[in-house]
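# Breakdown of the fold
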Amino acid sequence: MESAAKSPKSLSLPWKTRILLSLFDAGIDLLTRKEGTVNRGLVKLVDFRTPPSSEPINGVKSYDVVVDPTRNLWFRVFVPTNYPVEDLPVMVFFHGGAYILLAPDVKIYDDVCRKFARELPAIVVSVDYRLAPEHRHPAQHDDGLDVLKFLDVEENRSKWLPENVNISRCFIAGDSAGGHIAHHVTQRACQFNFQQLQVIGLVAIQPFFGGEERTDSEIRLEGTPIVSMKVTDWIWNAFMPLDEPYNRDHPIINVSGPNGVDISKMDFPATMVVVAGFDELRDRHIGYYQWLKKSGKEAYLVDYPNMFHTFYTFPELPESDQLISEVKDFVHKVLDKV
C-alpha cells in the first residue's frame, strides 16, 4: 500500500472499456470550444440523469437536498438500508468531470456513491457544485465548504440526514477534478471552527493537479486515455478566474509545488491517495503523497499499475470493485483510531 508498483509496458483493457474511452475522447473534443466555453446544448443531449430512489436499490435509498436555490447548490444523500441502528460515518463526495461536466445524478456517479454507501457502509452526501467555465474558482471550493457548514447545523442535520449518522466521523472524497476539490475543501475545513462536524479522513482518487514543469509521466504517457496535456491546459484556463493572472504553479493548481500552502501545522486528516500506471497525472499524485508525508501527515498510497485516469467509474473492470474495497479498508483503519 505504501509503494508505487511498476507499471506494465502497455495498457490492457476489455473491448467494451476501449470503446467507451474512445467515445469519451471524441466527446470532449466536441463539447469544449477553443475560446474556452462548453457546448451546453450538446451536453444536454448526452447528459442522462438518474432520479433519487425512495425505495432501496441494491440496499441503498437516495434523496436530494437543496442547500441554496439561488446558486442551485444541492446534494444527493445515499442511505444504506441494512444498517438502521448502527452508528455510521458520513462521506462527502465530489464527482469528477473536469470541473465542467457531470453531477451527482449522472448514472456513473449515482452508481459509485451507491456502492460506497452500501460497502463501507456510510451515509454518502454527493455534492452538486457549480461548474466552470460559467462559475470559476473559488465557486467549487466555496460550495464544498458551504455543504459542510450546512451539515454542521443540527437543525439541517436532523431534518435531512438519518438519525444514525455520526457527523463527527466525516470523510471527504473525490475523483479527478473532484479529488482536487476534496483536497482544497479539506484544507479549508481545517481552518474552520465547526460545532460538531469533524473531518477525519480524505480519499483523493487521482486528484486533478498540475504544475508548470511537465513531469515524466505527463510526457511519457501522452496519448493514454482521458487525460492529455492539451485538455488539462484547456481545463485550467476554464477553471481559473479570468481577472487573475496565473501559471500552473499557482497553489490552487500545484498544491505540493513551490507555492503550495504549508499544511505542516494544520490538523490535516489521514489521506488515501489513489494512483494509476497509465494516468498522465501519476507523478503528480505520487508527489502529492510524498508531500503529505513530508508535511508530517498520515498518508497511504494505493497503486493500480494497469489502470488509467478515472478507471473505477467503469464497473466492468475488476479494479473498480477493488478500489471500493481499498476505500473501505482505509475508512475502517481511520475509524479504529478514533
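This section reports on the structure supplied with the text. (Residues numbered from 1 in each chain as written. Predicted model: local features only at pLDDT ≥ 70, side-chain atom pairs only at ≥ 80, totals over all residues. Heavy atoms only, no water.)

With that settled, the discussion passes to the packing of aromatic side chains. Pairs of aromatic rings are described using the distance from one ring centre to the other and the angle between the two planes. Scanning the entire structure with this criterion turns up 17 aromatic pairs. On the numbers, 6.0 Å between centres and 45° between planes, the contact of Phe93 with Tyr109 is tilted. Highlighted residues: Phe93 in strand β3 (residues 88–94) and Tyr109 in helix α3 (residues 107–119), separated in sequence by 16 residues. Just as Phe93 is buried, Tyr109 falls in that class too. Following the ring pairs from residue to residue traces out a cluster consisting of Phe93, Tyr109, Phe116 and Tyr312. (Phe/Tyr/Trp six-rings, centres within 6.5 Å; stacked < 30°, edge-to-face > 60°. Helix = DSSP H or I, 4+ residues; strand = E, 2+ residues; numbered from the N terminus. Buried < 20%, exposed > 50% of the residue type's maximum accessible area, 1.4 Å probe, protein only.)

Attention shifts here to helix α6 (residues 177–189). Think of an α-helix as turning once every 3.6 residues; residues three or four places apart then point the same way. Taking 1.5 Å as the rise per residue, α6 with 13 residues should run 18 Å; its terminal C-alpha atoms sit 18 Å apart, in good agreement. For α6, a buried count of 12 out of 13 residues is recorded, marking the element as mostly surrounded by other parts of the structure. Of the surrounding secondary structure, the elements contacted by the buried residues of α6 are β3, α4 (139–152), β5 (165–175), β6 (199–205), α8 (229–239) and α9 (282–294). (Expected span 1.5 Å × (residues − 1). Contact = heavy atoms within 4.5 Å.)

So, about the sheet that holds β5. Strand pairing in a sheet takes place through backbone hydrogen bonds and is either antiparallel or parallel in direction. Strand order across the open sheet formed by eight strands is β1-β2-β4-β3-β5-β6-β7-β8, with mixed pairing between neighbours. Where the open sheet ends on each side, the last strands, each with one partner, are β1 (60–68) and β8 (299–308). The sheet shows a mean angle of 20° between the axes of neighbouring strands, direction not considered. Sitting on the sheet, α4 is in contact with β1, β2 (73–80), β3, β4 (123–128), β5 and β6, with an inclination near 55° to β2. Along the sheet face, helix α10 (residues 318–337) touches β3, β5, β6, β7 (270–278) and β8 and points at about 180° away from the line of β8. (Pairing = 2+ DSSP bridges. Axes fitted to C-alpha atoms, helices over the stretch in contact; angles between N-to-C directions.)

Computed from the structure, the second largest pocket encloses a volume of approximately 350 Å³. Lining the second largest pocket are 18 residues, with Arg40, Arg49, Asn72, Asp128 and Leu131 sitting closest to its centre. When residues in the lining of the second largest pocket are grouped by element, the largest group, three residues, is from helix α2 (residues 40–46). Of the residues belonging to the lining of the second largest pocket, the class tally is eight nonpolar, two polar and eight charged. (1 Å grid on protein atoms, 1.4 Å probe; cavity = no way out; pocket = protein on both sides within 12 Å on 5 of 7 lines; lining within 4 Å. Points joined across faces, edges and corners; volume = space filled by probe spheres on them. Nonpolar A, V, L, I, M, F, W, Y, C, P; charged D, E, K, R; others polar.)

As a further point, take a nonpolar patch on the surface. Taken together, the side chains of Trp15, Ile19, Leu20 and Leu23 present a nonpolar region at the surface, about 450 Å² in accessible area. Structurally, the position occupied by Trp15 is in helix α1 (residues 15–31). (Patch = residues over 30% accessible without salt bridge, like charges linked within 9 Å, V, L, I, M, F, W, Y side chains within 5 Å. Areas by Shrake-Rupley, 256 points an atom, 1.4 Å probe, with all protein chains shown as cover. Salt bridge = Lys/Arg side-chain N within 4 Å of Asp/Glu carboxyl O.)

The next thing to look at is the nonpolar core. In this structure, Phe116, Leu148, Leu151, Tyr288 and Phe311 are the most contacted members of the largest nonpolar core, which totals 114 residues. Among all residues touching Leu151, those that are not within four sequence positions of it are Phe75, Val92, Val125, Arg157, Leu161, Ile167 and Leu197. (Core = buried A, V, L, I, M, F, W, Y, C linked by side-chain atoms within 4.5 Å.)

Before going further, it helps to spend a moment on the pattern of salt bridges. Pairing of side chains with opposite charge becomes possible as their charged atoms draw close. Under the criterion given, the structure shown has 21 salt bridges. When the shortest N-O distance is used, the salt bridge between Asp68 and Arg71 registers 2.8 Å. For Arg76, the salt bridge identified is with Asp110, shortest N-O distance 2.9 Å. Of the two residues, Arg76 sits in strand β2 while Asp110 sits in helix α3, which places them 34 residues apart along the sequence. Given a relative accessible area of 3%, Asp110 falls into the buried group. Members of the salt-bridge network, linked through shared partners, are Asp68, Arg71, Arg130, Asp143, Asp146 and Lys149.

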